[in-house]
Amino acid sequence: MEVIIPCWNCQTDTKVVDFRCSICNKIQNIRKTNPYDIFNLKQCYLIDNEELEIKYFQLQNIFHPDKFINSAEKEKEISAYESSNINNAYNLLLNNVDRIKILLKLKGYKANPNNEESFTDKDLLEEIMELQNRCMSIENENEKVKIKTEIIEKIRIIELEINSNFEKEKIPEIKNLSVKLSYLEKIKKNLN
Amino acid sequence: MNLINIDEPNKKSLTSKCLGIDFGTTNSVCSIKIGEKVIFIEDSKKMNLIPSIVCFDKTVKVGNDIDLEKNLQSSIFSIKRYFTDNPDGQIVINSKSDCLSPVDIAKEIFSYLKKISNNFLNEEVNDCIITVPAYYDERARSGIMRSALMSGFNVRRLINEPTAAAFAYGLDKKKRGKFLVYDLGGGTFDISLLNLKDNLFKVIGTSGDAKLGGDDLDQLLLDYILNTYFDPIKNDLSHSEILSLKRASKSIKENLQSVNNIVAEVTIKNKKTNIEISMNVIEKIFNEIITKTIKITDQLIKDCNVKVDEIDGFILVGGSTRLALIPKKIKEYFKKDIYSEMDPDRVVSYGAALHGFDLLNGSNNLLLDVTPLSLGIETMGGLMEKIIPRNSNIPVVKEQTFTTNENGQTSIKISIIQGERETSSKNTLLGEFILSDIEPKPAGIPRIKVRFSLDVDGILYVSAIDESSGNEKNIVIKTNKDLNISEMKKLVESSIKNAKEDMDTRLLIESKIKASRLINEIENVKDQIETLCTKKDIENINKTSNMLKKEMKTNNKERIETLTDNLNEQTKNFAQRLIDKNFENFVGKDLDILE
Ligand SMILES: [Zn+2]
């Protein structure tokens, strides 16, 4: 059931078209809490970045404060609030680790709260340690590029695995892969 | 058919005008889009590059109105540079050792720009967009904003200088793709990576050095010339001799773009000297600074996760990029096309004028920018906890929950810092906020949610709510005593809206700001006033300040000024008593120690 909240300005329970009240044309809040819904995306782990970007631009085109420079205070407030909201949601979805947490939460599971970075898997620990050691002893730009390419490929494969585990609702596997993924992302970032 | 004829002239008069102001370290430029054209504002000497120089002689003079030969000593140059240190610090402005802050000094430049714009356009234009270096922190940004507001400008946006330039290239030169805007101004270096699409201009990331600019190049060249040609007498040179050498070295720098070798003749102490500078020498002197800018650029590309292959070219902005060595070095290192066909001294103002027109009159163009520096709070042990990381899209709102350390604690101090260093003391302290009126509870129980909102101008607003008390009571946040930006903006807006046609809004706004500052100050020391003043004094102070508050809603400049003066007079006694009391306290303490 859809909850109908009346327009903040004219108080009528009217249809909202493109986030504007169809009676008084005033901008309305998005009224969606999870990032997938804000961008109207299917709740899948792998997302189409281009599609997300297009929708991000469409929403910012509606809500960005530049579009409300001559509007009344209340509309400015909604614009500033929703524009930041859209920015936050966009950045969360672009982040492959944050996306795991969002999806787990949406499916009713707790995302690893505190032990996010602990290893339960000994092989994984060894693999990461070895990679880290290799990064520490990089001698030239070529070697760096090579390792970086390797890491990017590893990340791509893990993302695929996570995606298929989400389809099969294999939650413990997802949690393990999520630890590995966040470590790989960190190593990749440090290579910059 | 008739309708069209009626519609056309109407339409024209309906567009709002908005100045695009590039307040620069060396020069300032103002332009405005009228109809389909952008025009540059000229001063009375028909110049549109206005030197950012203020002279406090008998009267205040700005720009080309100053006779530098005569007023060199009493002129203040490059005031923009001081904003990165402390916009509210004190600078000596004349031989009498009078002091003013960078905000107050820059205000004179903005007032002057407003005056020449009004003269040139034959109408008062209050709305403007001001450009700031992309790598400016919040304190410098709000300093510039306050400065311009005090001059009576209704500042509709602050936008980043490289972003404004990219906007101009995107609209006028139809550039599409990923571009790096390399902006070397007089005092700052900015590098921004943008994605330019149809109707969409998105900053991917930005970096720079707020204390590196063409001024530094000029200084290096001057040092070289002094050491090479004037070594025995370099310490005996007069101010005006140094100035003429400075001019010579500047012109050498600017002219080395077309030739490989330059000989300039200068006369110092009645002796002619030929200064010869070759491209090789320039390369040697400037190498370090240019290499530094290239390193910053390289790091930005990596931070943005973009491959060099994906970049379509460099856009050069800022007078210093006229130096042929810069495009040469960039080309050598990055192997990219370089664009500089739009006047590097004027393109920033030009882009701001285009964006200003869009803002006030509506358009399909969308400009999305980022914050250059991470924003965070100081945690125990003096480390910085990041709340908003750099290169986050703006506007951005982040919330953080705080709690108390001690039982019954009713206030919490929060230090807000900006920068990339781990240790908070190495970053910029934006402000210390005291959350007070927290309901007394056992330690760790209160939950104070603090909201940090960084708006599209890059200005930070902080608010807080005590969640634990059930009712969402707003916590009082005490900051510095001055008015905040939103208070000032409202003052300016209401003054402009209600101003009579022939009134000078600038002076009205100035008197209103002075009045609000005083009222604010008095509210801040209310408790002390009650203990140190007589009943009658308190009554008088309250009466006048209430009258003043009422008068602020009108636009009666004279009344506001008279009441402000009265209030100042009435609180004078109190101020003296406060100083005495502080002195007593001080003496008391001293004696205690002696015992
Ligand atoms: Zn409505």
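Conventions used here
- Residues numbered from 1 in each chain as written.
- Chains lettered and ligands numbered in written order.
- Predicted model: local features only at pLDDT ≥ 70, side-chain atom pairs only at ≥ 80, totals over all residues.
- Heavy atoms only, no water.
- Helix = DSSP H or I, 4+ residues; strand = E, 2+ residues; numbered from the N terminus.
- Rg over C-alpha atoms; globule rule 2.2 N^0.38 Å.
- Buried < 20%, exposed > 50% of the residue type's maximum accessible area, 1.4 Å probe, protein only.
- Contact = heavy atoms within 4.5 Å.
- Areas by Shrake-Rupley, 256 points an atom, 1.4 Å probe, with all protein chains shown as cover.
- Lys, Arg positive; Asp, Glu negative; His and termini not counted.
- Charge placed at Lys NZ, Arg CZ, Asp CG, Glu CD.
- Salt bridge = Lys/Arg side-chain N within 4 Å of Asp/Glu carboxyl O.
- Core = buried A, V, L, I, M, F, W, Y, C linked by side-chain atoms within 4.5 Å.
- Donors = N, O, S within 2.8 Å, 3.2 Å for Na, K, Ca; no water.
- Tetrahedral: all angles 85-135°; square planar, octahedral: opposite > 155°, others 65-115°.
- Domains from an automatic or database assignment.
- Phe/Tyr/Trp six-rings, centres within 6.5 Å; stacked < 30°, edge-to-face > 60°.
- Buried area = accessible area lost by both parts, 1.4 Å probe.
- Polar contact = N/O pair within 3.5 Å; in protein donor to acceptor, adjacent residues only side chain to side chain.
- Nonpolar A, V, L, I, M, F, W, Y, C, P; charged D, E, K, R; others polar.
- Pairing = 2+ DSSP bridges.

(A) Summary view of the overall build of chain B. Looking only at helices and strands, chain B has 15 helices and 28 strands in total. Taken over C-alpha atoms, the radius of gyration comes to 27 Å for chain B, in line with the 25 Å a tight globule of 595 residues would show. In terms of principal-axis extent, the alpha carbons of chain B reach across some 80 × 70 × 60 Å. Within the span of chain B, comprising 595 residues, buried residues form 53% of the whole. Of all intrachain contacts in chain B linking residues separated by at least 6 positions in sequence, the fraction that spans at least 24 positions is 65%. Element-wise, carbon and sulfur atoms account for 48% of the exposed surface of chain B, whose accessible area totals about 28,600 Å². In chain B, 83 positive and 87 negative side-chain charges are present, and the distance between their average locations comes to 2 Å.

(B) Layout of the overall build of chain A. Regarding its fold elements, chain A presents 7 helices and 2 strands. Sequence-ordered secondary structure for chain A, helices as α and strands as β, is β-β-α-α-α-α-α-α-α. Relative to the globule expectation of 16 Å for 192 residues, the C-alpha radius of gyration of chain A, 21 Å, shows a markedly less compact shape. On the principal axes, the C-alpha backbone points of chain A span a range of 65 × 40 × 25 Å. Out of the 192 residues belonging to chain A, those deemed buried represent 36%. Accessible area of chain A: about 11,400 Å², with a carbon and sulfur share of 50%. Averaging the positions of the 29 positive and the 32 negative side-chain charges in chain A gives two centres separated by 3 Å.

(C) Summary view of the pattern of salt bridges. All names here are of chain B. This model, assessed by the stated rule, comprises 49 salt bridges over all chains. Note that arginine 81 and aspartate 216 form a salt bridge whose closest N and O atoms lie 3.0 Å from each other. In this pair, arginine 81 is assigned in the loop between strand E7 (75-76) and strand E8 (91-92) and aspartate 216 in helix H6 (residues 214-229), connecting sequence segments 135 residues apart. Linked through salt bridges whose partners overlap, the residues forming this network are Glu399, Arg447, Lys449, Arg451 and Glu467.

(D) How the structure looks around the nonpolar core. Within the largest apolar cluster, 62 residues are counted, with the highest numbers of intra-cluster contacts made by Leu19(B), Ile21(B), Phe110(B), Ile130(B) and Val155(B). At 9 residues, helix H3 (residues 102-121) of chain B tops the list of elements feeding residues into this core. What Ile21(B) contacts, discounting residues up to four positions off in sequence, is Val29(B), Cys30(B), Phe110(B), Leu113(B), Cys128(B), Ile129(B), Ile130(B), Thr131(B), Phe153(B) and Ala352(B). Listed in part, the 46 residues of the second largest apolar core include Phe57(A), Ile86(A), Ile174(A) and Leu368(B).

(E) Geometry of the coordination of the zinc ion. Residues and elements named next belong to chain A. The coordination sphere of the zinc ion contains the protein donors Cys7 (SG), Cys10 (SG), Cys21 (SG) and Cys24 (SG), at a distance range of 2.3 Å. Around the zinc ion sit 4 donor atoms; with metal-centred angles ranging over 105 to 118°, the donor geometry is tetrahedral. Spacing between the donor residues of the zinc ion along their common chain follows C-x2-C-x10-C-x2-C. Here cysteine 24 lies in the loop between strand E2 (20-21) and helix H1 (35-38) and cysteine 7 lies in the segment before strand E1 (16-17), a separation of 17 residues in the sequence. Classification of cysteine 7 by relative accessible area gives buried; the value is 3%.

(F) Fine view of the domain arrangement of chain A. In terms of domain boundaries, chain A breaks down into domain 1 (2-94) and domain 2 (112-191). Spacing between the C-alpha centres of domain 1 of chain A and domain 2 of chain A amounts to 35 Å.

(G) Inspection of the packing of aromatic side chains at higher detail. Residues and elements named next belong to chain A. Throughout the structure, instances matching the rule amount to 13 aromatic pairs over all chains. Their ring planes at 65° and their centres at 5.1 Å tell us that phenylalanine 19 and phenylalanine 63 sit as a pair that is edge-to-face. Residue phenylalanine 19 is located in the loop between E1 and E2, and its partner phenylalanine 63 is located in helix H2 (residues 49-63); the two are separated by 44 residues in the primary sequence. The class of phenylalanine 19 is partly exposed, set by a relative accessible area of 21%.

(H) View of the interface of chain B and chain A. Contacts between the two partners involve 25 residues from chain B and, on the opposite side, 20 residues from chain A. Between chain B and chain A, the buried area comes to about 2,000 Å², and carbon and sulfur atoms account for 49% of it. The largest contributions to the chain B side of the interface with chain A come from Leu366(B), Asn393(B) and Pro395(B), which together make up 24% of the buried area. For the pair chain B and chain A, the interface holds 2 salt bridges. Taken together, chain B and chain A are joined by 11 residue pairs in polar contact (both at pLDDT 80 or more). When residues of the side of chain B that touches chain A are traced back to their parent elements, those giving at least two are strand E11 (154-160), strand E14 (200-209), helix H8 (279-303), helix H10 (347-361), strand E19 (366-368) and strand E22 (396-402) of chain B. In the side of chain B that touches chain A, the residues fall into 11 nonpolar, 7 polar and 7 charged.

(I) Spotlight on the pairing of strand E20 (residues 375-378) of chain B. Residue and element names in this part refer to chain B. Bridge analysis of E20 against strand E21 (residues 384-388) gives 4 bridges, and the strand direction is antiparallel. The residue bridging leucine 375 from the neighbouring strand is isoleucine 388, located in E21. Following E20, the chain reverses through 5 residues before pairing antiparallel with E21; glycine 381 in that reversal takes a positive phi of roughly 90°. For E20 and strand E23 (residues 412-418), the ladder comprises 3 bridges, and the chain directions are antiparallel. If you follow leucine 375 over to E23, its bridge partner there is glutamine 418.

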